[in-house]
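Spelled out, the chains give:
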2 protein chains.
Amino acid sequence: MRIGLTALIARATVLSLIALTFGAATLLSEERNAGVLESWNDGAAKRAIIDFVVRVTKDGGAEFVPQAQRIAVFDNDGTLWAEQPLYFQLAFAIDRIKSLAPEHPGWTTTEPFKSILAGDVETALATGEKGVAQIVAATHAGMTTEKFGEVVDEWLANAKHPKTQRPYTEMVYQPMLELLLYLRDNGFKTYIVSGGGVEFMRRFAEDVYGIPPEQVVGSSGVVTFEIGDGGKPELIKQPEIEFVDDGSGKPVGINRFIGRRPIFAFGNSDGDLQMLQYTAAGNGARFAGIVHHTDSDREWAYDRASHIGKLDKALSEAVTRGWSVVDMKADWRTIFPEKR
Amino acid sequence: MRIGLTALIARATVLSLIALTFGAATLLSEERNAGVLESWNDGAAKRAIIDFVVRVTKDGGAEFVPQAQRIAVFDNDGTLWAEQPLYFQLAFAIDRIKSLAPEHPGWTTTEPFKSILAGDVETALATGEKGVAQIVAATHAGMTTEKFGEVVDEWLANAKHPKTQRPYTEMVYQPMLELLLYLRDNGFKTYIVSGGGVEFMRRFAEDVYGIPPEQVVGSSGVVTFEIGDGGKPELIKQPEIEFVDDGSGKPVGINRFIGRRPIFAFGNSDGDLQMLQYTAAGNGARFAGIVHHTDSDREWAYDRASHIGKLDKALSEAVTRGWSVVDMKADWRTIFPEKR
């Protein structure tokens, strides 16, 4: 009995070590696909994802991709978490304006603040680029990066989504959480590449998605280095936008931050088109996927005519090029995670 | 005998698994320090490095730092590889101007090209910021990022350092290669944070330093995304400088690209001062180090009065704050790696 147990441990550990040596993910990839992506119905999208991962991780296979090159990029708003009825970062900015309003009496009579304080976001946003820049400057600047992080943390801990009354960090897509895990289990490095603010997203990406700060690429404002009171070095967020990581900015951001062309990309709107094109145009096996919001009961249904997350050109190109289009209603068994 | 062997394997593998579970680097860190940093003489700098690493990796210790937060940043020019008699990227640009000159007959009569072609780099650089911008534009733009990479590769494969006649990629510091490895063996993520061009450094950082493209932070030019001939998406390098990752730009670049404050930083000049200040000012154990070029026989000797790699303010601050100053002549047993 004792010898049997020892032998069993030895066998198990030797197998583990072999697997570790040769890359567990690669060796065991086929066996591991049983039970993965559980919240995905067994449709074309799920099959295309698994097929792709098996092909690029099959050691010695024609389409094998070395682990270091397995870069997967994901848009955030509408791809990893919801974006209706308003981008969540905009909801943060609005809440922030409301909480700062007592210190800014002039806001009650000045656009875009006046309309935001009156609850009329549409009119506020109709002020255009200049108005949006004013909102960003008032809510995302004039403090250290550390202080901003604390402000975001507090909002994430307390704010509730207006429709579901759940914390925003629970408005993430369970099937995409499983996809991120599945890719990482197969040696992929998963990145966010989003139009959202990089300093905003980094406050929850690690906890919620398992994506560390250094794997979050996003829009950013100017930051300056200053020696503050008492000789303490500080990074101060300035009110100017520096980089917009959307549309053509996405492949540019990927090149600048990651320096490798991804082999796997997922988006949901026309703002992701160029990232998908850039990814798909590389040599060798590539995966380009789009989340199509088709479920008005469990989430929202919108595409070509939507203000937020407009999916028009990218949907047409996906059809032309044979990219995977996830039909949220048909493909996803679950949308949001269980309540915690 | 057979049982004995099985039991032995079982013991060894169980220990391995325990080590893997709890982090081999942490468990074994003290044993592993025998034989590390072999090209370092046993002086204050080597002892300070090992002492720091042992403290932050000691599980349960007062100064333990979780692996994800073990970010180490290194300047490149003068810290990881040499920078005399000219920054190597400038040598690349000069060689590139010479090879492109036949296509640009006007250069023989126009500064800064005229002086470069006449071998008078000093006069060329005396044209100042405008001249440098022209050199960068002529040598680092007007092509796809992929094509630029190929040009750099070809130069690295063929160019020789004027003093040693060795390839530039062999003008790296053996003690720093060992330090990079030692840190990675102890769970650190090693980054380059350099004033050098990010697309230039990424061509050799992985091979030479074991630092992948996504862990190289550097200066960059504007890049645009375009759909080229035949519908192929391309990234085109434009002749405008976008971000200078030097001086105050270094902590700004760290914040933007990495999103975490490093706990370990190494530089060699005043351009690294702010990165060192930012790193050292964080809470908990921090290491700030400076390579002081003191060896005119085996390398070069320069500091406060040098045009290239001027080390003045940072040297004074290192003394004031007790940062580690590596005396190259005394601390390094070897400077460059054996010839390959």
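Quick caveat, the model's predicted, so the values are computed rather than measured.

1. Some remarks on the environment of Ala159 of chain B
Residues and elements named next belong to chain B.
For step 1, the next point in the chain: Its location among the elements puts Ala159 in the loop between helix H9 (145-158) and helix H10 (174-185).
For step 2, the next point in the chain: What makes Ala159 partly exposed here is the crowd of 15 C-beta atoms within 10 Å.
For step 3, the next point in the chain: Considering only alpha carbons, one finds Ala159 and Arg55, 104 residues apart in sequence, at a separation of 42 Å.
For step 4, the next point in the chain: Leave out the neighbours within four places in its chain, and Ala159 touches Ala91, Asp95 and Tyr168.

2. Describing the packing of helix H5 (residues 88-100) of chain A against helix H8 (residues 128-140) of chain A
Residues and elements named next belong to chain A.
For step 1, the next point in the chain: Where H5 contacts H8, the axes come no closer than 9 Å and their chain directions differ by 65°. Seen along the crossing, H5 lies across H8 with a hand that is left-handed. Contacts between H5 and H8 involve Ala93, Arg96, Ile97 and Leu100 from the first element and Ile135, Ala138 and Thr139 from the second.
For step 2, the next point in the chain: Residue composition of the contact of H5 with H8, grouped by class: five nonpolar, one polar and one charged.

3. Concerning the nonpolar core
For step 1, the next point in the chain: Judged by nonpolar contacts, the single largest core of 144 residues is most densely connected at Val73, Tyr191 and Ile192 of chain A together with Val73, Tyr191 and Ile192 of chain B.
For step 2, the next point in the chain: Those residues in contact with Val73 of chain A that sit more than four places away from it in its chain are Tyr191, Val193, Ile254, Pro262, Ala265, Met275 and Thr279 of chain A.

4. Here we look at the pairing of strand E1 (residues 71-74) of chain A
All names here are of chain A.
For step 1, the next point in the chain: Burial along E1 is two-sided: the face carrying Ile71 and Val73 and the face carrying Ala72 and Phe74 are both buried.
For step 2, the next point in the chain: Sheet topology places E1 next to strand E6 (residues 264-267); three bridges connect them, and they run parallel. Paired with Phe74 across the two strands is Phe266, which belongs to E6.

5. Describing H5 of chain A
Because each turn of an α-helix spans 3.6 residues, side chains separated by three or four positions end up pointing in the same direction.
Residues and elements named next belong to chain A.
For step 1, the next point in the chain: With 13 residues, H5 extends 18 Å between its outermost C-alpha atoms, agreeing within 8% with the 18 Å of an ideal straight helix rising 1.5 Å per residue.
For step 2, the next point in the chain: Listed as buried for H5 are Phe88, Gln89, Leu90, Phe92, Ala93 and Ile97.
For step 3, the next point in the chain: Contact partners of the buried residues in H5: helix H6 (113-117), H8, helix H9 (145-158), strand E3 (189-197) and helix H11 (198-201).

6. Thoughts on the domain arrangement of chain A
All names here are of chain A.
For step 1, the next point in the chain: One can read the domain layout of chain A as domain 1 (25-84 + 172-331) and domain 2 (88-158).
For step 2, the next point in the chain: Contact residues are listed per partner, giving 16 residues for domain 1 and 17 residues for domain 2.
For step 3, the next point in the chain: Contributing elements (two or more residues each) for the side of domain 1 that touches domain 2: E3, H11, strand E4 (216-227) and strand E5 (233-243).
For step 4, the next point in the chain: Broken down by element, the residue count for the side of domain 1 that touches domain 2 peaks at seven residues, all from E5.
For step 5, the next point in the chain: Residues belonging to the side of domain 1 that touches domain 2 are distributed by class as follows: eight nonpolar, four polar and four charged.

7. Brief notes about the environment of Gly282 of chain B
Residues and elements named next belong to chain B.
For step 1, the next point in the chain: Within the secondary structure, Gly282 is located in the loop between helix H14 (273-280) and strand E7 (287-294).
For step 2, the next point in the chain: Measuring from C-alpha to C-alpha, the distance between Gly282 and Ile263 comes to 7.5 Å, with 19 residues separating the pair along the chain.
For step 3, the next point in the chain: Setting aside residues no more than four positions away along its own chain, Gly282 makes contact with Arg261 and Ile263.

8. Some remarks on H9 of chain A
Residue and element names in this part refer to chain A.
For step 1, the next point in the chain: In this model, H9 (14 residues) spans 20 Å end to end at C-alpha, consistent with the 20 Å of a helix rising 1.5 Å per residue.
For step 2, the next point in the chain: Those residues of H9 that fall on the buried side of the exposure criterion are Phe148, Val152 and Trp155. Seen end-on, H9 carries its buried residues on one side only, within an arc spanning 60°. Residues of H9 that are exposed and angled more than 90 degrees away from the buried face: Glu146, Glu150, Asp153, Glu154, Ala157 and Asn158.

Rules behind the numbers
- Residues numbered from 1 in each chain as written.
- Chains lettered and ligands numbered in written order.
- Predicted model: local features only at pLDDT ≥ 70, side-chain atom pairs only at ≥ 80, totals over all residues.
- Helix = DSSP H or I, 4+ residues; strand = E, 2+ residues; numbered from the N terminus.
- Buried ≥ 20, exposed ≤ 12 C-beta atoms within 10 Å, placed from the backbone.
- Contact = placed C-beta atoms within 7 Å.
- Axes fitted to C-alpha atoms, helices over the stretch in contact; angles between N-to-C directions.
- Left-handed = near helix turned anticlockwise from the far one by under 90°.
- Nonpolar A, V, L, I, M, F, W, Y, C, P; charged D, E, K, R; others polar.
- Core = buried A, V, L, I, M, F, W, Y, C linked by C-beta atoms within 7 Å.
- Pairing = 2+ DSSP bridges.
- Expected span 1.5 Å × (residues − 1).
- Domains from an automatic or database assignment.
- Arc of directions from axis to C-beta.

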